[in-house]
Protein chains: 4
Amino acid sequence: MTFPFDRADPESAVAEMAARCSNWGRWGEHDVRGTLNHLDEAKRREAAALVRRGAVFSLAQRFDVDGPQRGWRRRTNPVHTMLDTGTDAAAGKQGFPHGIGGADDVVSMPLQCSTQWDGLGHIFDHAKAWNGRPAEEVVTAAGDHVTGIETVADGFTGRAVLLDAGRALGTGGELPDGYAITAQELTEIAERQGSPVGRGDIALVRTGQLARARRDGWGTYAGGPAPGLSFTTAEWLHGTEIAAVATDTWGVEVRPNEFDDAFQPLHQVAIPHIGLFLGEMWDLDALAADCAEDGQHAFLLTAAPIPITGAVGAPVNPIAVK
Amino acid sequence: MTFPFDRADPESAVAEMAARCSNWGRWGEHDVRGTLNHLDEAKRREAAALVRRGAVFSLAQRFDVDGPQRGWRRRTNPVHTMLDTGTDAAAGKQGFPHGIGGADDVVSMPLQCSTQWDGLGHIFDHAKAWNGRPAEEVVTAAGDHVTGIETVADGFTGRAVLLDAGRALGTGGELPDGYAITAQELTEIAERQGSPVGRGDIALVRTGQLARARRDGWGTYAGGPAPGLSFTTAEWLHGTEIAAVATDTWGVEVRPNEFDDAFQPLHQVAIPHIGLFLGEMWDLDALAADCAEDGQHAFLLTAAPIPITGAVGAPVNPIAVK
Amino acid sequence: MTFPFDRADPESAVAEMAARCSNWGRWGEHDVRGTLNHLDEAKRREAAALVRRGAVFSLAQRFDVDGPQRGWRRRTNPVHTMLDTGTDAAAGKQGFPHGIGGADDVVSMPLQCSTQWDGLGHIFDHAKAWNGRPAEEVVTAAGDHVTGIETVADGFTGRAVLLDAGRALGTGGELPDGYAITAQELTEIAERQGSPVGRGDIALVRTGQLARARRDGWGTYAGGPAPGLSFTTAEWLHGTEIAAVATDTWGVEVRPNEFDDAFQPLHQVAIPHIGLFLGEMWDLDALAADCAEDGQHAFLLTAAPIPITGAVGAPVNPIAVK
Amino acid sequence: MTFPFDRADPESAVAEMAARCSNWGRWGEHDVRGTLNHLDEAKRREAAALVRRGAVFSLAQRFDVDGPQRGWRRRTNPVHTMLDTGTDAAAGKQGFPHGIGGADDVVSMPLQCSTQWDGLGHIFDHAKAWNGRPAEEVVTAAGDHVTGIETVADGFTGRAVLLDAGRALGTGGELPDGYAITAQELTEIAERQGSPVGRGDIALVRTGQLARARRDGWGTYAGGPAPGLSFTTAEWLHGTEIAAVATDTWGVEVRPNEFDDAFQPLHQVAIPHIGLFLGEMWDLDALAADCAEDGQHAFLLTAAPIPITGAVGAPVNPIAVK
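Residues numbered from 1 in each chain as written. Chains lettered and ligands numbered in written order. Predicted model: local features only at pLDDT ≥ 70, side-chain atom pairs only at ≥ 80, totals over all residues. Heavy atoms only, no water.

Within an unreviewed UniProt entry, the label attached to chain A reads Cyclase family protein, and the organism entered is Saccharopolyspora griseoalba.

As structure tokens, this is what we get:
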């Protein structure tokens, strides 16, 4: 399929796609849940019923200073420091009674430094946030007053489907950087796996890039070239009525983006217009290996963000149960 | 029941209880999972089967600067700041192409400032950590090298039982500060509710203190007087073979502690000797109201800590599904 | 003297005072130094010549978690944590060769949590920053692009005069909270001390409130009632052509402010209109005792802010030499 | 001069040099000021008298996320975020009365990320800190209880001498990485400049490496190869009775160190044994250009660390006045 947009004009492409995919007003003017509205109790019952073996998978990367961040837009890796230590306890330096000792710690980190959900206040299109709200009414220096991640603290439990694009389309389970996954490919993968993706599902798209970074070093994992969703998948993201989508890459969409000079145009449609939650830097490798082995690509997922008040993104330790 | 220990001698009481409840070596010398070893795939299947309605509850408090911390041992409330804002986007100050704008943020917080799990490196008894390891071999200023929370990132999904001590034993659903809940009371509550607590279960004990703090202000919620587990429940915590226990209070156990001069003696038995994970500052109120209404006190719980490498505690957004 | 403004109309009072005191354009449209333009090499020579004994005084409070902040506008006290410790070195846990060991540390703090300078980007009047610039052109979420504190890193060395209002006007060296110090009082104190205040000088006004807080506890030192400069001193601050002014209080000006419903109206004139640098939470007590003893109230001051790029305020350890 | 130590045995070399240079007990068993004891009121009078023109120089680098740190031992660059912004003020989002608006900010940073002083608790020799104290008695996870930087908040004002080794010994004003500056060279430079270095002085040694990093990029400035003081200068540092020494490099001493396998052996002598304060990452270039022009290499220096309680190092904005 040829790319149906003028690569020199991302602004028009975004506008056209936004018009096709907009969910503004669909759930009322006060809505803060976006596509999580697709995920209902019936879907959660369906998800729980997928648990057969009781096998469990954490889909989070480790959060530490050896992570992928390189300072782009002041995103650093987490800094974890101790307030009390075992060495102090052993040296008798803590002043507690009856032999008790303790260790305590602190973290300082960008909320999007590692495995995370983008909140609906994370991206704007021409200064419009989700549901058409003016960006300045939503996110000030005091945080996101409307769609802060705490408003969807309970939203990410349901049926998830792993779409292993790395295995289906790549070499050695990995897609090359710059590979733009299309809607047709996503549909075919789901069909071939026997796990259709539909309303209220959470789609997990594995590209294999994290496996490569794990093997070869982070390099430019945080922000550089990557396989990912084509801009053209916006209609699939909208039309399938999925509740959320997550990938094993820094930014969900293919990098470089498919326009001459662009920055994350799919985000610009997906978050403010579709109201879709994007998960980034998920570790799908162990889960994918298991799915390849047992052929079951649908499972129960609980991916609960830490509800930091007013956050436009949030760390998460997603748990899949099969 | 009279308190079976000399209130002037917590050190001996801890030693005696530790001897009775020790799990050291039970799962091999290299074990890092402690009582999570009780929670197996069968238990997770059982848990998933408890999902009837698909109703979902987040058991996390909000993480923000208006939290309960008052600086004790340098524990502050989270500070959330923005790296980019909607007002900046609206003012055209971001320099992105084709009308895309963004917001980004950072948090700095003690890992035990709000809803959290204590890791196994959090507490020592006479400089011994879980499984008998020397504290100084486990937690240095570089973090917990052995039992860091990342080692149990996938550990907290299973069957949980709400033991609503506030409703069962209190007034208006709340126990007074200083109320020491006994093992017998816990057993009776479980029986009355028709939800026995056994091997591999996660026990959630609601005292009602958080409801009171929500109504009356934080006061000394972080570290002051509180209802909670009696020191004497150590044997129940050990004997039931539960995987973990969490409460709606700052410190799980009753405060003031039941000795003349003591600091968290139940922690000193539970964490290093039993290898038990303690959850603190959970918000059990909405879940408890639902359980009171439908009479179902057992449910699927996923309480996945953010896997900060080497952390001795970790923020969590626990999700219950009924 | 009666207060010459309508206490019900701070907005008009600010406008009138701003018109009288404006320095906009005085040093060209690109100016970022404001009243530091008054402080020249001759003044620094004069200041150095004041050094007679070589006695030195640090005018900084200690920066730690036991400071005055109570969370107002997310201002917390500094959190200082260790990356490496002596206990770790002693326990042989650091992995360095030939017996070397080390300790290292981190701080997380609001830039205005303790002894500090307000930068020129700290306060706006009707969205106008210093020199008439639009606030949104000056300070975004990426910091102060124009008047960041780094632009005046070398600016605060000169002759300073201690105006000990606490001793001159108070009881036991302390003024009561709510005491509004007038321009006439400042002039009289300077005269009585024999240390006139004029062009390029840095005025240090001691109220005694810090001494009280040190004795009685912080209470509402950070933001509550305090002695301080009357709104009416704006003309004195402007007319004397001082380079900067600092006090031993949280906010320089008297609190409650002298209007029915107001917030720091003197700031609103002094920073954006006069271009004046305000120092807050300085510890003037030891210096003041010395000045009371030797009668010398003028001295060399070096008060160099940490040049954090884009900061609108900055911690400082001011050093007086007599 | 041949290197008078066995390059394969840094441990013995350190021991021998420590024995020759030890100041333990010199100022009593409770001393916390080390070589600052050499800097007295007479020296400060002498320093003030050096001010001729009133010219002022800030010797600090800018503190920001674009700094040299690359994560070594969790040292990151400073992260500066805003709590309030001008864009918010302009958008009317701050809720203040009478048209006042404000900006406020926060920093999170390692204390040794940029221009700084090493405190006496920063380095140990075989677990001994300054004055022979056991390291574990001095620095725990709660900080430096004995020699925290706040104890010398007023200590760094005096006569400083710039020793421009870059200009004297290098090419284009810069020494190559790995160049070990000797005591003889330091003495000759001082003599040639006509500015002898003696008791109580602060020596500023410029290598030119920062100028190179400014031109070519940070590269491995933080921890990599560098020109610097030879290990053999320990006796000069001790014998001259200087109060402190600072350089324009990350770590004062030459890198790689002059032993086959070593890490900062001069630190191991200078800090715990001599009790000497080391300044690192100072920006001496503008000052050096001025000194080269006017031939005056001695001046008044005020280099006051931010007194963070218990800190083993501290940011500083050093101010030279000529």
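**Description of the overall build of chain A**
Rules: A run of H or I in DSSP counts as a helix once it spans at least four residues, and a run of E counts as a strand once it spans at least two, with each numbered from the N terminus. Just to be clear, the radius of gyration here is over C-alpha atoms, and the globule rule we use is 2.2 Å times residues to the power 0.38. Exposed residues in this analysis have more than 50% of their type's maximum accessible area, buried residues have under 20%, and partly exposed residues fall in between, with area computed by a 1.4 Å probe over protein chains only. Contacts are assigned to residue pairs with any non-hydrogen atoms lying within 4.5 Å of each other.
For chain A, the helix and strand inventory stands at 10 helices and 17 strands. Since a compact globule built from 322 residues should have a radius of gyration of about 20 Å, the 20 Å found for chain A is in line with a globular shape. Oriented by its inertia axes, the alpha-carbon framework of chain A measures out at about 70 × 50 × 40 Å. A total of 322 residues make up chain A; the buried ones form 69% of that total. Across chain A, every contact between residues at least 6 apart in sequence was considered, and the portion connecting residues at least 24 apart equals 80%.

**Notes on the nonpolar core**
Heads up, the condition is: For the purposes of this section, nonpolar cores are sets of buried Ala, Val, Leu, Ile, Met, Phe, Trp, Tyr and Cys residues that join through side-chain atoms within 4.5 Å.
Within the largest apolar cluster, 167 residues are counted, with the highest numbers of intra-cluster contacts made by C:Leu204 and D:Leu204. Apart from residues no more than four positions distant in its own chain, D:Leu204 is found in contact with D:Leu59, D:Ala160, D:Val161, D:Leu162, D:Leu163, D:Ala246, D:Trp282, D:Leu284, D:Leu287, D:Phe299 and D:Leu301. Grouped together as the second largest cluster of nonpolar side chains are 166 residues, A:Cys21, A:Val107, B:Leu50 and B:Phe299 included.

**As for the environment of C:Phe299**
Residues and elements named next belong to chain C. For phenylalanine 299, the position within the fold is in strand β15 (residues 298-302). Between the C-alpha atom of phenylalanine 299 and that of alanine 48, which follows or precedes it by 251 residues, the distance is 7.9 Å. Those residues in contact with phenylalanine 299, other than ones at most four positions away along the chain, are Leu50, Gly158, Arg159, Ala160, Val161, Leu162, Leu204, Leu287, Cys291, Ala320, Val321 and Lys322.

**Section: the pairing of strand β15 (residues 298-302) of chain B**
Residues and elements named next belong to chain B. Just so we agree on the cut-off: Two strands pair under a simple rule: DSSP has to find at least two bridges between them.
With 5 of 5 residues buried, β15 lies mostly within the body of the structure. In this sheet, β15 lies alongside strand β9 (residues 157-164) in antiparallel orientation, the contact comprising 5 bridges. Within the sheet, the bridge partner assigned to alanine 160 lies in β15 and is phenylalanine 299. Here β15 runs beside strand β17 (residues 319-321); their pairing, made up of 3 bridges, is antiparallel. Across the sheet, the residue bridging to leucine 300 is valine 321, located in β17.

**Some points on the relation of the copies chain B and chain A**
Note the threshold: The copies are overlaid by a least-squares fit using only the C-alpha atoms of residues whose pLDDT is at least 70 in both copies.
Between the two copies, chain B and chain A, the superposition gives an RMSD of 0.0 Å; the rotation angle is 180° and the shift along the axis is 0.0 Å. Here the symmetry operator amounts to a two-fold rotation axis. Closest approach to the rotation axis among the C-alpha atoms of chain B is made by B:Ser108, whose C-alpha sits 2.0 Å away. In this assembly, 99% of the residues forming the interface of chain B have copies in chain A that are likewise at the interface, indicating an isologous arrangement.

**A few points about the interface of chain B and chain A**
Heads up, the rule is: Buried area: the sum, over both parts, of the accessible surface (1.4 Å probe) that disappears when the two are put together. Take a side-chain nitrogen of Lys or Arg and a carboxyl oxygen of Asp or Glu: if they are within 4 Å of each other, that pair is a salt bridge.
Residue-level contacts link 90 residues of chain B with 89 residues of chain A. Both faces considered, chain B and chain A share a buried interface measuring about 7,300 Å² in area, 61% of it formed by carbon and sulfur atoms. Summed over the three residues of chain B that lose the most area to chain A, namely B:Arg73, B:His98 and B:Ile306, the buried surface amounts to 10% of that side. Our count for the chain B to chain A interface comes out at 6 salt bridges. One salt bridge in this structure joins B:Arg73 and A:Asp84, with 2.5 Å as the shortest N-O distance.

**Points about the sheet that holds strand β14 (residues 277-280) of chain D**
Residues and elements named next belong to chain D. Quick note on the threshold: Inter-axis angles, ranging from 0 to 180 degrees, are taken between N-to-C directions of lines fitted to C-alpha atoms, where helices are fitted over the stretch in contact.
Overall, mixed pairing links the 9 strands, which are arranged β1-β17-β15-β9-β11-β13-β14-β5-β16 in an open sheet. Since the sheet does not close on itself, it has two edges, and those belong to β1 (56-58) and β16 (313-315), each with one partner. On average, each strand axis in the sheet is tilted by 25° relative to the strand beside it, whichever way the strands run.

**Some points on the interface of chain D and chain C**
We count it as follows: Within 3.5 Å is the distance limit for a polar contact, defined as a pair of N or O atoms, with the added protein rule that one can donate a hydrogen and the other accept it, and that residues adjacent in sequence qualify only through two side-chain atoms. Under the grouping applied here, Gly and all other residues not named as nonpolar or charged are polar, the nonpolar ones being Ala, Val, Leu, Ile, Met, Phe, Trp, Tyr, Cys and Pro and the charged ones Asp, Glu, Lys and Arg.
Between chain D and chain C, the contact holds 90 residues from the first and 90 residues from the second. For the pair chain D and chain C, the summed buried surface comes to about 7,400 Å²; carbon and sulfur atoms form 61% of the total. Joining chain D to chain C, the criterion identifies 6 salt bridges. A salt bridge links C:Glu150 to D:Arg62; its shortest N-O distance comes to 3.9 Å. Connecting chain D to chain C are 42 residue pairs in polar contact (both at pLDDT 80 or more). The leading source of residues in the side of chain D that touches chain C is strand β4 (residues 104-110) of chain D, at 7 residues. Within the side of chain D that touches chain C, the residues separate by chemical class into 43 nonpolar, 28 polar and 19 charged.

**Remarks on the relation of the copies chain D and chain C**
Superposition of the two copies of the chain requires a rotation about an axis together with a shift along that axis. Of the transformation placing chain D onto chain C, the axial shift is 0.0 Å and the rotation is 180°, giving an RMSD of 0.0 Å. Of the interface residues in chain D, 100% have counterparts in chain C that sit at the interface too, so the contact is made through matching surfaces.

**Quick word on the sheet that holds strand β5 (residues 116-118) of chain C**
Residue and element names in this part refer to chain C. Spatially, the 9 strands line up as an open sheet ordered β1-β17-β15-β9-β11-β13-β14-β5-β16, and their pairing is mixed. Since the sheet does not close on itself, it has two edges, and those belong to β1 (56-58) and β16 (313-315), each with one partner. Going across the sheet, the axis of each strand differs from the next one's by a mean of 25°, ignoring polarity. With 3 bridges connecting them, β1 and strand β17 (residues 319-321) associate as antiparallel partners.

**A closer look at the pairing of strand β11 (residues 202-206) of chain C**
All names here are of chain C. In terms of burial, β11 is largely enclosed, as 5 of its 5 residues are buried. The pairing of strand β9 (residues 157-164) with β11 spans 5 bridges and is parallel. Residue pairing across strands places leucine 162 opposite leucine 204, the latter belonging to β11. With 4 bridges connecting them, β11 and strand β13 (residues 244-247) associate as parallel partners. Among the inter-strand pairings, valine 205 is bridged to a residue of β13, identified as threonine 247.

**What to know about the pattern of salt bridges**
Here the structure, examined in full by the defined rule, presents 108 salt bridges over all chains. Here D:Lys43 and D:Asp201 are joined by a salt bridge, their closest N and O atoms 2.8 Å apart. Within this pair, whereas D:Lys43 is found in helix α2 (residues 41-48), its partner D:Asp201 is found in the loop between α6 (183-193) and β11 (202-206), the two being separated by 158 residues in sequence. Owing to a relative accessible area of 2%, D:Asp201 belongs among the buried residues under this scheme. Salt bridges here are not isolated pairs; linked through shared partners, they connect A:Asp164, A:Arg167, A:Arg206, A:Arg214, A:Asp283 and A:Asp285.

**Description of the environment of C:Ala222**
Residues and elements named next belong to chain C. Of note, alanine 222 is situated in the loop between α7 (209-216) and β12 (228-229). Between the C-alpha atoms of alanine 222 and glycine 251, which are 29 residues apart in sequence, the distance is 8.1 Å. Each residue touching alanine 222, except ones within four places of it in the same chain, is listed here: Pro68, Gln69 and Trp250.

**Considerations on the side chain of B:Arg44**
Just so we agree on the cut-off: His is not counted, nor are the chain ends; Lys and Arg add positive charge and Asp and Glu add negative charge.
Its location among the elements puts B:Arg44 in helix α2 (residues 41-48). Buried and unpaired, B:Arg44 has no salt bridge, with B:Glu41 as the nearest side chain of opposite charge at 4.7 Å. Not counting the four nearest positions on each side in its chain, B:Arg44 is found in contact with A:Val51, A:Gly54, A:Val56, B:Leu39, B:Thr157 and B:Gly158.

**What to know about the packing of helix α1 (residues 10-21) of chain B against helix α9 (residues 265-274) of chain B**
All names here are of chain B. What counts, and what does not: Here roughly perpendicular refers to angles of 65 to 115 degrees, roughly parallel to angles under 35, roughly antiparallel to angles over 145, and oblique to all remaining angles. In this scheme, a crossing is called left-handed if the near helix is turned counterclockwise away from the far one by less than a right angle; it is called right-handed if the turn is clockwise.
One can describe the packing of α1 onto α9 by two numbers: an axis separation of 10 Å at closest approach and a directional angle of 30°. Taken as axis vectors, α1 and α9 run roughly parallel relative to one another. Read as a crossing pair, α1 and α9 show a hand that is right-handed. Residues Val14, Met17, Ala18 and Cys21 of α1 touch α9, and the partners they reach there are Pro265, Gln268, Val269, His273 and Ile274.

**Quick word on unusual backbone geometry**
For the bond running from A:Arg255 to A:Pro256, omega is 0°, close enough to zero to count as cis. Following the sequence through the fold, A:Pro256 ends up in the loop between β13 (244-247) and α9 (265-274). A positive phi angle is found at D:Asn131, which is not glycine, with a value near 75°. Checked against the element boundaries, D:Asn131 lands in the loop between β6 (123-125) and α4 (135-138).

**Brief notes about helix α1 (residues 10-21) of chain A**
The periodicity of an α-helix, 3.6 residues per turn, causes residues three or four positions apart to be oriented the same way. Residues and elements named next belong to chain A. Stated precisely, the cut-off is as follows: Multiplying one less than the number of residues by 1.5 Å gives the expected span of a helix. Each direction from the helix axis to a C-beta atom contributes to the arc, which is the arc of those directions.
Counted at 1.5 Å a residue, the expected span for α1 with its 12 residues is 16 Å, and the 16 Å between its end C-alpha atoms agrees. Along α1, the residues classified as buried are Pro10, Ala13, Val14, Met17, Ala18 and Cys21. For α1, the angular spread of the buried residues around the axis is 130°, confining them to a single face.

**Observations concerning helix α9 (residues 265-274) of chain C**
Residue and element names in this part refer to chain C. Buried residues dominate α9, accounting for 10 of its 10 residues. Burial in α9 covers these residues: Pro265, Leu266, His267, Gln268, Val269, Ala270, Ile271, Pro272, His273 and Ile274. Backbone geometry just after α9 places glycine 275 at a positive phi near 75°.

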